[in-house]
Structures are given as structure tokens and as C-alpha cells.
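Listed here are the chains, written in short residue letters.
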Amino acid sequence: MKIERLAIPDVILVTPPRFGDARGFFSETYNGPRFTEAGITIPFVQDNQSLSKQKGVVRGLHCQLAPHAQGKLVRCTRGAIFDVAVDARVGSPTYGKWVGAEISEENWTQIWVPPGFLHGFQTLTENAEVQYKCTDVYAKDCERAVIWNDPEIGIEWPLGGTEAVLSDKDQVAPPFSAAHGWFSL
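None of the values given here were measured: they were computed from a predicted structure.

Engineer: Describe the nonpolar core, listing the residues and the values that go with them.
Structural biologist: Residues Leu-61, Val-86, Leu-118, Val-146, Trp-157, Phe-176 and Trp-182 are the most contacted members of the largest nonpolar core, which totals 26 residues. Secondary-structure elements contributing two or more residues to this core are strand E6 (58-64) and strand E8 (80-87). The element that contributes the greatest number of residues to this core is E8, accounting for 4 residues. Contacts of Trp-182, omitting those with residues within four sequence positions, involve Cys-63, Leu-65, Leu-118, Arg-144, Ala-145 and Val-146. In terms of nonpolar packing, the next biggest core, distinct from the first, is built from 19 residues, Leu-13, Val-99, Ala-101 and Ile-103 among them.

Shown next, in the form of C-alpha cells:
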């Protein structure tokens, strides 16, 4: 398993090995002891899956507040996405900063987004299928969002904003300034 810390070191890229032959491939996509060695120690309690039919769909920027704050281990099993994590932890040296990575069925990379971060992604292909493990269950009363293109954050989305396809909820999400105090170190 390849482990790579991004510019915000709490966000980690994990690339499990794939073993292939004429039939296809096998990959161990999650192994608790190996993830613990990599610093991902929170147990997962829920798995989610989404399919975005169009290229340019943006889902996010989402999070959940305590007592149901979620960390997410995200992978793309069909197509490709640009995945983003934004540090929303007041007191963090990287507060308000973002990191992103292309996650795809081709590169087989996963991204660990810890609790205290906003998370979102933009689909780079049609029919992008995303699966992610969460460290807490969905709790509607703890759900929050920030507008995907907030200039204070300045995310450089690969497809820009001209092709963004958003849910009704994401279209009216508040700016990043509303997130101040949601999380702290």
C-alpha cells in the first residue's frame, strides 16, 4: 500500500496494490492494521456510494458537526473525480486551505478526509461512481455545507465553474465564513 501525505498532512492519499491476470484483478482496498500504521485510526461505521451521470457534477462542500463529525475514505470505482478537502478547524495552521487530487478507477487511489474538513468532488467523466467509508453515521441535524466556489477558499476546480452541475441544496450553501467555529483543534 502506498501512502502519501498531501500539503495538508492530515489528508492522506492511499493507493492499494492491484494484482491482475487474464481474468481481471484483485485488490485489498481496506485493511485495518495497515490503515492504523498510516495514521488512520478512527473506525468506519457506514459505507456510501454515489453515481453522477454527468461530467462536471460538483458534490460539496459538505461536512457533519459533532457529535456526528465524519471522516471519509473516498475512492472512485468508475470514471474519475477531482476530490477536495478544506481544513475547517479553527486554530489549525492550514485553516481555510484546501488540497485536491484526482481519484479514478485507473489510478486506484483513495483519499482520507479527516473529521473537521469540508469535503467535495467534481466529476471529470460521465458516470462517475464514488464509494466512501465514513467514521460516523449520517445525521441530518449535524449536516452542513459551504458553497463550492467560495472565493475565500479559492479551489481550482479542473473544469472551472462553467460546467458545474449542482444539487438545489449545494446551489444555496453559505460562504466559508459561516463555517467559522464549526470545528477546532
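Engineer: A description of the pattern of salt bridges should follow, citing residues and the corresponding values.
Structural biologist: For side chains of opposite charge, pairing can occur when their charged atoms come near one another. Counted under the stated rule, the structure contains 7 salt bridges. Note that Arg-89 and Asp-10 form a salt bridge whose closest N and O atoms lie 2.8 Å from each other. Separated by 79 residues along the polypeptide, Arg-89 in strand E9 (residues 89-90) and Asp-10 in the loop between strand E1 (2-5) and strand E2 (12-15) bring together distant segments of the chain. For Glu-129, the salt bridge is made with Arg-78, and the minimal N-O distance between the two is 3.1 Å.

Engineer: I'd love a proper account of the UniProt feature "active site" (unreviewed entry) in the chain, names of residues and values included.
Structural biologist: The positions UniProt marks with the feature "active site" (unreviewed entry) are His-62 and Tyr-132. Their sequence span is 71 residues, while the largest C-alpha to C-alpha distance among them is just 13.5 Å; these annotated residues converge on one region. Relative to the elements of secondary structure, His-62 occurs in strand E6. Dropping the residues within four chain positions of it, His-62 is found in contact with Phe-117, Leu-118, His-119, Arg-144, Ala-145, Lys-169 and Asp-170. Relative to the assigned elements, Tyr-132 resides in strand E13 (residues 128-134). Since its relative accessible area comes to 19%, Tyr-132 is described here as buried.

Engineer: Describe the sheet that holds strand E5 (residues 46-52), and please don't skip the residues or the numbers.
Structural biologist: Pairing is antiparallel in the open sheet, where 6 strands are placed in the order E1-E2-E11-E7-E13-E5. In this open sheet, the two strands that pair with only one neighbour each are E1 and E5. Here the strands of the sheet are splayed against their neighbours by 20° on average, with no regard to which way each runs.

Engineer: Which residues make up the side chain of Thr-109, and what are the values?
Structural biologist: Relative to the helices and strands, Thr-109 is located in the loop between strand E10 (98-104) and strand E11 (110-113). Overall, Thr-109 belongs to the buried group, its relative accessible area being 9%. Here the side chain of Thr-109 touches Thr-15 through a polar contact of 2.9 Å, side chain to side chain. In contact with Thr-109, other than residues within four places in its own chain, are Leu-13, Val-14, Thr-15, Val-74, Arg-75, Ile-103 and Ser-104.

Engineer: Outline the packing of aromatic side chains, supporting the account with residue identities and numerical values.
Structural biologist: One pass over the full model with this rule turns up 8 aromatic pairs. Here Tyr-30 and Phe-44 contribute two aromatic rings whose centre-to-centre distance is 5.4 Å and whose plane-to-plane angle is 85°, an arrangement assigned as edge-to-face. On the criterion of sequence distance, the pair formed by Tyr-30 in the loop between strand E4 (24-26) and helix H1 (32-37) and Phe-44 in the loop between H1 and E5 is long-range, its members being 14 residues apart. Plain terms: the ring middles of Phe-82 and Trp-98 are 6.4 Å apart, the flat faces sit at 75° to each other, and that makes the pair edge-to-face. Taken together, the residues span a long stretch of sequence, with Phe-82 in strand E8 and Trp-98 in strand E10 at a distance of 16 residues. Feature note: the residues Tyr-30, Phe-35, Phe-44 and Trp-112 constitute an aromatic cluster, connected by ring pairs. In this arrangement the basic side chain of Arg-18 is found over the ring face of Phe-25, its NZ or CZ atom lying 5.0 Å from the centre. Between the NZ or CZ atom of Lys-133 and the centre of the ring of Tyr-30, over which it lies, the distance is 5.5 Å.

Engineer: How would you sum up the sheet that holds E8? Please name residues and give values.
Structural biologist: Hydrogen bonds between backbone atoms are what pair the strands of a sheet, whose relative direction is either parallel or antiparallel. Taken in spatial order, the 5 strands line up as E10-E8-E12-E6-E14 in an open sheet, and their pairing is antiparallel. Two strands in the sheet have a free side with no partner beyond their single neighbour: E10 and strand E14 (143-145). Each strand axis lies, on average, 25° off the axis of its neighbour in the sheet, ignoring direction. Direction of pairing for E6 relative to E14: antiparallel, over a ladder of 3 bridges. Paired with Gln-64 across the two strands is Glu-143, which belongs to E14.

The rules behind the values
- Residues numbered from 1 in each chain as written.
- Predicted model: local features only at pLDDT ≥ 70, side-chain atom pairs only at ≥ 80, totals over all residues.
- Heavy atoms only, no water.
- Core = buried A, V, L, I, M, F, W, Y, C linked by side-chain atoms within 4.5 Å.
- Buried < 20%, exposed > 50% of the residue type's maximum accessible area, 1.4 Å probe, protein only.
- Helix = DSSP H or I, 4+ residues; strand = E, 2+ residues; numbered from the N terminus.
- Contact = heavy atoms within 4.5 Å.
- Salt bridge = Lys/Arg side-chain N within 4 Å of Asp/Glu carboxyl O.
- UniProt positions renumbered as here; feature names shortened; annotations may be inferred.
- Pairing = 2+ DSSP bridges.
- Axes fitted to C-alpha atoms, helices over the stretch in contact; angles between N-to-C directions.
- Polar contact = N/O pair within 3.5 Å; in protein donor to acceptor, adjacent residues only side chain to side chain.
- Phe/Tyr/Trp six-rings, centres within 6.5 Å; stacked < 30°, edge-to-face > 60°.
- Lys NZ or Arg CZ within 6 Å of the ring centre and 35° of its normal.

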